[in-house]
Amino acid sequence: MAQEPQQNQAEQNAGPVFSIEKLYVHDASIEVPNAPAIFTERTTPQINVELGNAVEQVQDGIFNVSIKVTVTATIQDKTAFLVEVNQSGIFAIRNVPQENIEPILSVACPNILFPYAREAISDMVTRAGFMPVLLNPINFEALYLQQQQQAAQAAGAPN
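Throughout what follows, the structure given in this document is the object of discussion. (Residues numbered from 1 in each chain as written. Predicted model: local features only at pLDDT ≥ 70, side-chain atom pairs only at ≥ 80, totals over all residues. Heavy atoms only, no water.)

1. Let's talk about the layout of surface pockets
Vacant regions in the atomic arrangement are exposed by a probe of water-molecule size rolled over the atoms. When its volume is computed, the largest pocket comes out at roughly 310 Å³. Taken together, 15 residues make up the lining of the largest pocket; nearest its centre are Thr 43, Thr 44, Pro 45, Phe 130 and Met 131. The calculated volume of the second largest pocket comes to roughly 200 Å³. For the second largest pocket, the lining is made up of 11 residues, of which Asp 60, Gly 61, Ile 93, Arg 94 and Asn 95 are closest to its centre. (1 Å grid on protein atoms, 1.4 Å probe; cavity = no way out; pocket = protein on both sides within 12 Å on 5 of 7 lines; lining within 4 Å. Points joined across faces, edges and corners; volume = space filled by probe spheres on them.)

Laid out in structure tokens, this is it:
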């Protein structure tokens with residue numbers, strides 16, 4: 001039992017830790033509901049992108065972060081394809097001030113995950129017979145700051 005206080009002291013004296021433990025596709029799917037007729041259309045599809053994220057603490061200092069990217073392509077009123085990727089990663093974050101953990105989980109981790117989700121989407125769309133979808137980079141820091149601002153406004157708004 002004398003070892004435990006020394007170990008805790010060693011952890012407290014250690015510098016900040018941020019590491020990627022595992023990157024993985026949690027879920028991926030593609031649907032082409034109007035095939036084969038949709039392939040005869042010559043109109044360029046309209047692309048709609050939706051983005052979501054989730055964070056789960058797995059253990060002390062270990063977090064599972066997921067970003068869910070949904071891309072829907074429509075031609076007139078018909079869905080050409082719908083692709084969804086839930087890209088996840090397990091990250092170790094230790095010896096970091098509490099106020100810095102949320103920005104790491106909301107900005108740094110999604111920045112790491114997004115290129116993998118973008119690649120998976122492009123690959124699946126190409127395999128489904130369409131031209132690849134090349135998603136533009138996303139500024140997760142701006143999204144995070146916008147969410148913080150909206151939360152502050154909601155908290156300060158009278159009922």
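2. A word on the environment of Asn 136
Within the secondary structure, Asn 136 sits in the loop between helix 2 (98-127) and helix 3 (140-156). C-alpha of Asn 136 to C-alpha of Arg 118: the two residues are 18 residues apart in sequence and 8.7 Å apart in space. Apart from residues no more than four positions distant in its own chain, Asn 136 is found in contact with Phe 114 and Arg 118. (Helix = DSSP H or I, 4+ residues; strand = E, 2+ residues; numbered from the N terminus. Contact = heavy atoms within 4.5 Å.)

3. A few points about the packing of aromatic side chains
For the structure on display, the rule yields 4 aromatic pairs. Centre to centre, the rings of Phe 18 and Phe 91 are 5.9 Å apart; their planes meet at 5°, and the pair counts as stacked. Remark: Phe 91 occurs in strand 4 (residues 78-94) and Phe 18 occurs in strand 1 (residues 17-31); sequence separation between them is 73 residues. Residue class for Phe 18 comes out partly exposed when judged on its relative accessible area of 36%. Here a set of aromatic residues connected by ring pairs shows up, and it is made of Phe 39, Phe 81 and Phe 130. (Phe/Tyr/Trp six-rings, centres within 6.5 Å; stacked < 30°, edge-to-face > 60°. Buried < 20%, exposed > 50% of the residue type's maximum accessible area, 1.4 Å probe, protein only.)

4. Describing the nonpolar core
Core analysis: the biggest nonpolar cluster contains 33 residues, and Val 69, Val 71, Phe 81 and Ile 121 have the highest contact counts within it. Looking at this core, the elements with two or more residues in it are strand 3 (62-75), strand 4, helix 2 and helix 3. The element contributing the most residues to this core is helix 2, with 12 residues. If sequence neighbours within four positions are ignored, Phe 81 has contacts with Glu 31, Val 32, Ile 47, Val 71, Thr 72, Ala 73, Val 125, Phe 130 and Val 133. (Core = buried A, V, L, I, M, F, W, Y, C linked by side-chain atoms within 4.5 Å.)

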